[in-house]
Amino acid sequence: MAVGVFELFSVGIGPSSSHTVGPMRAGAVFARELREKGLLDRVASLRVDLYGSLAATGHGHGTFTAVLLGLEGFEPEEILPDQVEERLASIAGTGKLNLAGGALLTYGVEDMVLHPLTVLPRHTNGMRFQVFAAGDGAADAEGSAGADGPSGSPELLHEATFFSVGGGFIVREGEEQSAQTELDESKKELPFPFRTAAELLGRCASKGLSISDIMLINEKASRSEEEIREGLKHIWSVMEGCVESSLKREGLLPGGLKVRRRAPDWHERLLKEDKDRDPKYWQEWVNLIALAVNEENASGGRVVTAPTNGAAGIIPAVLYYALNYAPGMDQATQEDKDDVVVTFLLAAGAVGVLYKEQASISGAEVGCQGEVGSASSMAAAGLAEVMGGTPAQVENAAEIAMEHNLGLTCDPIGGLVQVPCIERNAIAAAKAINAAKMALWGDGSHRVSLDEVIVTMRETGKDMSHKYKETAMGGLAVNVVEC
């Protein structure tokens, strides 16, 4: 399936798209296969192996509990925070996992096998699931025990290895090539396929269309325009709900770092100081939205991957700016505002496709430049589009934003998506707004292209030391005392 706007913006739970949403989704796929194959009645034991970054920072990222929820059959798009708390409390209290909703097993977080220093060839975020018919499931890490194994060995009923490659996307081992072939074939069905910014700008020029127009036409290949419009409005409503939920929480964020929630106090102060929505306070409101979203994400709340959870606050913060501070918005009707939401997300999504297909949006693969950098670039494009930018100016805005996030490392303290992640979203949102404004003051011509910056980001990620890519082995993660 070609990457589209609803793949880049999907509803899930915090704190991480690659470490929480992806693993839950993989667990749910494995659970569904067990049901479909009729194996649940025969399952006696379960083994879960986590590799690389998932093992190294999984505790702080909620990976282990997300896997358990996925194995019970829960999907990240559908599960609610109350369900998360109820099921995890039950598993912890009883020591029982309800595999695929049909096989009660003695299993918990402590039973997972962690390999933090082992990186599987495809991606650092690797996970392997195995179920056995008899015995304790104590096959070796490579799953060599099976039906034809030595006497007394447990019978391996089913196994699968997945990689969480960023933004909640998962790839199954052995299916990488078929997945790429499917992607290539599905793109051929699009009216205006593009992989590079140059191709995208060429489509715009030849048809006299904007970037959001091109994206909309491509999306219409799989759903109606009304469905697209309503779907994007729903995405924005979830973003708004995320902020509202965050502003009701007070105290410390979970995880042990004792990071204080700032959004509620900031909101209260802004309501007192900016009663008439004076434009001079725009950055304080943008900061607030970004902080609120990422504090909710850090709490394991319901968020929208945009394009990842670690960068989830940037696009809603910049979209908030567009809806409240862009020229003419003080006279806008609700329909006008809905148009802004749809146009913004389509343009941002088009740029997100470029990063997803040419580079990576995974912090564990290319560092935080792939998460916060990509989100800032997408947000800059969306803002430039709704403020009347030409395709060349929109591309320039996206380029400026990423150019000044190159080399950004992913080194969260304690493996928690809190420091520096929460503040980093607010800073990157301001960068996106400035990038859009700079691009709109130009004519669209510029020396460095977006494609060149994306390739540079990809190559920088390859060259970046492993310890700066979501391993908790370098940077702030080791130089700041956790308690």
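Computed from a predicted structure; not experimentally measured.

What counts, and at which threshold
- Residues numbered from 1 in each chain as written.
- Predicted model: local features only at pLDDT ≥ 70, side-chain atom pairs only at ≥ 80, totals over all residues.
- Heavy atoms only, no water.
- Helix = DSSP H or I, 4+ residues; strand = E, 2+ residues; numbered from the N terminus.
- Rg over C-alpha atoms; globule rule 2.2 N^0.38 Å.
- Buried < 20%, exposed > 50% of the residue type's maximum accessible area, 1.4 Å probe, protein only.
- Contact = heavy atoms within 4.5 Å.
- Areas by Shrake-Rupley, 256 points an atom, 1.4 Å probe, with all protein chains shown as cover.
- Lys, Arg positive; Asp, Glu negative; His and termini not counted.
- Charge placed at Lys NZ, Arg CZ, Asp CG, Glu CD.
- Salt bridge = Lys/Arg side-chain N within 4 Å of Asp/Glu carboxyl O.
- Phe/Tyr/Trp six-rings, centres within 6.5 Å; stacked < 30°, edge-to-face > 60°.
- Lys NZ or Arg CZ within 6 Å of the ring centre and 35° of its normal.
- Axes fitted to C-alpha atoms, helices over the stretch in contact; angles between N-to-C directions.
- Left-handed = near helix turned anticlockwise from the far one by under 90°.
- Nonpolar A, V, L, I, M, F, W, Y, C, P; charged D, E, K, R; others polar.
- Expected span 1.5 Å × (residues − 1).
- Parallel < 35°, antiparallel > 145°, perpendicular 65-115°, else oblique.

Caption draft 1: Spotlight on the overall build of the protein chain. Assigned secondary structure in the protein chain consists of 19 helices and nine strands. Here the protein chain has a C-alpha radius of gyration of 22 Å; the compact-globule value for 483 residues is 23 Å, and the two agree. Out of the 483 residues belonging to the protein chain, those deemed buried represent 57%. Sequence separation of at least 24 residues holds for 77% of the intrachain contacts in the protein chain that already meet a minimum separation of 6. As displayed, the protein chain has an accessible area near 19400 Å², and 50% of this comes from carbon and sulfur atoms. For the protein chain, the distance from the average position of its 42 positive side-chain charges to the average position of its 67 negative side-chain charges is 2 Å.

Caption draft 2: Here's a closer look at the pattern of salt bridges. Enumeration according to the criterion identifies 20 salt bridges in this entry. Of the charged contacts in the structure, one is a salt bridge between glutamate 219 and arginine 223, with a shortest N-O distance of 3.2 Å. For arginine 223, a relative accessible area of 26% corresponds to the partly exposed category. One network of salt bridges, with partners in common, ties together Glu33, Arg172 and Glu175.

Caption draft 3: Examining the packing of aromatic side chains more closely. The final tally for this structure, using the stated rule, is five aromatic pairs. Seen in terms of ring centroids, phenylalanine 30 and phenylalanine 129 are 5.4 Å apart; in terms of plane orientation they differ by 40°. Their pairing is tilted. Of this pair, phenylalanine 30 sits in helix α2 (residues 17-36) while phenylalanine 129 sits in strand β6 (residues 125-132), and the two are 99 residues apart along the sequence. Among the aromatic residues, those joined into a ring-pair cluster are Phe30, Phe129 and Phe162. The ring of phenylalanine 169 carries the charged tip of lysine 356 above its face, separated from the ring centre by 4.1 Å. The aromatic ring of tryptophan 282 is capped on one face by lysine 437, whose charged end is 5.0 Å from the ring centroid.

Caption draft 4: Focus on the packing of helix α11 (residues 282-298) against helix α12 (residues 314-325). Relative orientation of the contacting elements α11 and α12 amounts to 145°, with a least axis distance of 8 Å. Relative to α12, α11 is oriented so that their crossing is right-handed. Between α11 and α12, the contacting residues are Trp282, Trp285, Val286, Ile289, Ala290 and Val293 on the first element and Pro316, Ala317, Tyr320, Tyr321 and Tyr325 on the second. Considering only residue class, the contact of α11 with α12 consists of eleven nonpolar, no polar and no charged.

Caption draft 5: Representation of helix α15 (residues 372-386) within the structure. Look at α15: 21 Å from first C-alpha to last across 15 residues, which is about the 21 Å you get at 1.5 Å a residue. Of all 15 residues that make up α15, 14 are buried, and the element is covered over most of its length. Remark: glycine 388 follows α15 within two positions and exhibits a positive phi of approximately 90°.

Caption draft 6: Structural detail: the packing of helix α16 (residues 391-403) against helix α17 (residues 421-440). Running from amino to carboxyl end, α16 crosses α17 at an angle of 140°, the nearest separation of the two axes being 8 Å. When the axes of α16 and α17 are compared, the pair comes out oblique. α16 and α17 meet at a crossing whose hand is right-handed. Contacts between α16 and α17 involve Gln393, Asn396, Ala397, Ile400 and Ala401 from the former and Ala435, Ala436, Met438, Ala439 and Leu440 from the latter. Residues of the contact of α16 with α17, tallied by class, amount to eight nonpolar, two polar and no charged.

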